[in-house]
Amino acid sequence: METKVKLNLEDGNPLDNIGHYQRLVGKLIYLTITRPDINYAVSMVSQFIHAPRTSHLDAIDKILRYLKGTPGQGILMKNNSSNDIIGFSDVDWAGSCDRKSTSGFCTFVGGNLVTWKSKKQTVTARSSAEAEYRAMASTASELI
């Protein structure tokens, strides 16, 4: 879905079968676990789950066509002999114009990526060590 496409409550006609739309959105939300590339598009169509219109259903059709054309993409889970839990964190110290750091982490279970996050820190760190400590604390919290 293009980022400049804006869905609203006025385009198109109201759908007769809201339950069908809701089930489709629910299945797409579940699919985002292994297909993070559709997160943005699914979040856009899920905003209209209580009052869907034909334009929203058209957007779901585009998502489904994209999924059909890209079957090999996504996060694959493999059965490994290890159950080790490993986390990695990193930070971009004062990288944005407001001097706040952006931290990120990812966690693996048995070599499979299971969670990830990237977020601007809420405070301005005085040193790169402080920013790294905050990133590691966020990662440790996720691991726990």
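To be clear, the structure that these remarks concern was listed above.
Below you will find a few notes about this structure. As the structure is a prediction and not an experimental result, all values here were calculated from the model. (Residues numbered from 1 in each chain as written. Predicted model: local features only at pLDDT ≥ 70, side-chain atom pairs only at ≥ 80, totals over all residues. Heavy atoms only, no water.)

**With respect to the sheet that holds strand β3 (residues 112-120)**
Here 3 strands make up an open sheet; going across it, the order is β1-β2-β3 and the pairing antiparallel. Whereas interior strands pair on both sides, the edge strands pair on one side only; in this sheet they are β1 (85-92) and β3. Sheet twist, expressed as the mean angle between neighbouring strand axes with direction ignored, is 10 degrees. With 8 bridges connecting them, strand β2 (residues 102-109) and β3 associate as antiparallel partners. Its bridge partner being in β3, V109 is matched across the sheet by N112. Here helix α4 (residues 128-143) sits on the sheet and contacts β1, β2 and β3; the angle it forms with β1, its principal contact strand, is near 150 degrees. (Pairing = 2+ DSSP bridges. Helix = DSSP H or I, 4+ residues; strand = E, 2+ residues; numbered from the N terminus. Axes fitted to C-alpha atoms, helices over the stretch in contact; angles between N-to-C directions. Contact = heavy atoms within 4.5 Å.)

**Concerning helix α1 (residues 18-31)**
The terminal C-alpha atoms of α1, which comprises 14 residues, lie 20 Å apart, in line with the 20 Å expected from a rise of 1.5 Å per residue. Taken as a whole, α1 has its buried residues at Y21, L24, V25 and L28. Projection of α1 onto a plane perpendicular to its axis shows the buried side chains occupying an angular sector of 95 degrees, all on one side. Facing away from the buried side of α1, by more than 90 degrees, are the exposed residues K27 and Y30. (Expected span 1.5 Å × (residues − 1). Buried < 20%, exposed > 50% of the residue type's maximum accessible area, 1.4 Å probe, protein only. Arc of directions from axis to C-beta.)

**Some words on helix α2 (residues 39-46)**
Every buried residue belonging to α2 is among A41, V42, M44 and V45, and all of these are buried. Buried residues in α2, looked at end-on, bunch into an arc of 155 degrees, giving them a common side. The inward-facing, buried residues of α2 abut α1 and α3 (54-69).

No statement about biological role is implied by the geometric values presented.
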